[in-house]
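One letter stands for each residue in the lines below.
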Amino acid sequence: MRAPTPLETVRVLPQGVRPLAAETATGYLGRLATANALTPRDLRLHVTELAGLSPSRPNLERAAAWVERLGGLDPGHFAADARRNAMYVRCQHYDWQPALCKRCGYTQSPRTACQRCARGNQTSIRSRGGAVCNRHRRWQLDGTDIDLRAFPEYAHAERCLSGALWKRGVGLATGELQLAATLIRHWAIDEFPGVRIEDRMSAIGVDTLDANTVFLVAYPEVVRLATVLTDLSFASYLLSPRFSLAEQVWALEAAVITIMSGSTTMRLHDVADNIVARGKAAVETAFGMRQSAHNKRPAALEKALIAASQRHRTCLLRHLSTVRIQNLPYQPGLAVPRSRLLNGQLPIPDLIDF
């Protein structure tokens, strides 16, 4: 007769809790403790001891199997949930094209879950999508809870982010949304943002459209602009060596003012010029990358673009078509990093010098 494993000897808590979609093990454990009249701290310490984690800074996500046992969940529940909500990545296993890679995929950073979905309890999730709970039409980011039922455009933007943009590898912290928000924020300094945004600011209680509020009050426009910027044809035109810088800067300005229904400004022109110039410099770096420090043959352009996007912090390079951009004459330059280094580097927002 087989002896039970240490995991099987742990008793299931009497009061189970239904997990939220993409809920973290840490957040679920806190709700499980509350349902069983325990303090979250005591239950966390108990799981830390069971899993043999360091008591100083335990990562309870590594103790997911013990949390599943205590909550009576199916084995592997949290791992399966993470795979369903994994980010699309560009890695060597899929020739540097957007794909759901089981080895290189990752989930978004934990964020606060909708209070109504969690029935008033505090918990965290890693679901695909962004800042809006479409079920209850509320803004849920950084602990903020705002009613958005009067503004249905937020729900449409959330569906776009968790759908089309998600398959392009765009998330809350990958840089594309931050880039779009930066363009809109600098445009709004000298232009009237529009009646609809003014209505949102009044309803939400925001006085100014600045770096701290643009994502909240202009979320639908930010997502729409990010959708345009990451379009394969548009991004390839924007950074291709085939066209002049002036034409490409005007195209970026036109995308912003079309979505915002306004006219261009000198401040927007300067920011657009900075973004396009940095992007084109990164593309030139990618064209000159060689396979290794000891091999001067050109590296695969798809891989070189990913490496250059990380080196120059230009997220748009991840959305270029190697077929639609004109190849420059090859001049051996930097060596492309090893694939495992590129795979382990998570996307970060652009560094815009303005």
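Please read these numbers as outputs of a predicted model, since none were measured by experiment.

Caption draft 1: Highlighting the overall build of the protein chain. Regarding its fold elements, the protein chain presents 15 helices and 9 strands. Principal-axis analysis of the C-alpha atoms places the extent of the protein chain at approximately 75 × 60 × 30 Å. Here the protein chain, with 354 residues, has 49% of them falling under the buried criterion. A separation of at least 24 residues holds for 62% of the contacts in the protein chain among residues at least 6 apart in sequence. Summed over all atoms, the accessible surface of the protein chain reaches about 17800 Å², with 51% contributed by carbon and sulfur.

Caption draft 2: Main features of the environment of L179. As for its position among the elements, L179 is in helix 7 (residues 176-190). For the pair L179 and D350, spaced 171 residues apart in the sequence, the C-alpha separation amounts to 6.8 Å.

Caption draft 3: Spotlight on the confidence of the model for the protein chain. Per-residue confidence for the protein chain gives a mean pLDDT of 91; residues scoring 70 or more make up 98%. Per-residue pLDDT, averaged within each element of the protein chain, yields its smallest value for strand 9 (residues 295-298) (87) and its largest for helix 10 (residues 219-229) (97).

Caption draft 4: Just the side chain of K280, in detail. Along the chain, the position of K280 falls in helix 13 (residues 266-287). Within the buried set, K280 has no salt-bridge partner at all; the shortest N-O distance to an opposite charge, 6.5 Å, is to E284. Engagement of the side chain of K280 in a polar contact is seen with the backbone oxygen of F243, the distance being 3.0 Å. Once residues within four sequence positions are removed from consideration, K280 is found in contact with L238, L239, S240, P241, F243, S244, L245 and Q248.

Caption draft 5: The pairing of strand 7 (residues 144-147), seen in detail. Bridge count between strand 6 (residues 138-141) and strand 7: 4 bridges; the pairing is antiparallel. Among the inter-strand pairings, L141 is bridged to a residue of strand 7, identified as T144. Taking the residues that link successive antiparallel strands as the turn, the strand 6-strand 7 hairpin has 2 residues, and the phi of D142 there is positive, at about 55 degrees.

Caption draft 6: Representation of the pattern of salt bridges in the model. Within this structure, the stated rule accounts for 12 salt bridges. Between R138 and D145 there is a salt bridge, with its nearest N and O atoms 2.6 Å apart. According to the relative accessible area criterion, D145 is partly exposed, its value standing at 31%. For E153, the salt bridge goes to R196, with nearest N and O atoms at 2.8 Å.

Caption draft 7: Local environment of the packing of aromatic side chains. The final tally for this structure, using the stated rule, is 8 aromatic pairs. Their ring planes at 90 degrees and their centres at 5.1 Å tell us that W139 and Y219 sit as a pair that is edge-to-face. Note that W139 is positioned in strand 6 and Y219 in helix 10, a separation of 80 residues in sequence. Classification of Y219 by relative accessible area gives buried; the value is 0%. Each residue in the set W139, F151, Y154, F215 and Y219 is aromatic and connected to the rest through ring pairs, giving one cluster.

Caption draft 8: Layout of the state of the cysteines. One pass over the full model with this rule turns up 0 disulfides. Between C114, a cysteine without a disulfide, and C133, which holds the nearest cysteine sulfur, the sulfur-to-sulfur distance is 3.7 Å. Judged by relative accessible area, C114 falls into the buried class, the value being 6%. C315 carries a free sulfur, and the closest cysteine sulfur to it, the one in C160, is 15 Å from it.

What counts as what
- For every chain, the first residue of the written sequence is number 1, and numbering continues from 1 onward in sequence order.
- Where totals are concerned, whole chains, interfaces and linings use all residues; where local detail is concerned, this predicted model gives features only for residues with pLDDT of at least 70, and gives and counts side-chain atom pairs only at 80 or more.
- With hydrogens and water set aside, each side-chain value is computed from the structure's full complement of heavy atoms.
- For the purposes of this entry, the term helix denotes a DSSP run of H or I that reaches at least four residues, the term strand denotes a run of E that reaches at least two, and both are numbered from the N terminus.
- Each residue gets one of three labels from its accessible area relative to the maximum for its type: buried under 20%, exposed over 50%, partly exposed in between, using a 1.4 Å probe on protein chains only.
- Here, residues are in contact when the closest pair of their heavy atoms is within 4.5 Å.
- The protein chains shown are the only cover counted for residues, whose accessible areas, like all others here, come from Shrake-Rupley with a 1.4 Å probe.
- Across the chain, each position has a pLDDT score giving the predictor's confidence in that residue, from 0 to 100.
- Residues counted as positive are Lys and Arg, residues counted as negative are Asp and Glu, and His and the chain ends are not counted.
- Only one rule defines a salt bridge in this text: a Lys or Arg side-chain nitrogen within 4 Å of an Asp or Glu carboxyl oxygen.
- Polar contacts here mean pairs of N or O atoms no more than 3.5 Å apart (in protein, one a potential hydrogen donor and the other a potential acceptor; neighbouring residues in sequence count only if both atoms are side-chain atoms).
- A pair of strands is treated as paired once DSSP finds two or more bridges between them.
- For Phe, Tyr and Trp, rings pair up if their centres lie within 6.5 Å, where Trp contributes its six-membered ring, and each pair is then called stacked (planes under 30 degrees apart), edge-to-face (over 60) or tilted (otherwise).
- Disulfide: a pair of cysteine sulfur atoms within 2.5 Å of each other.

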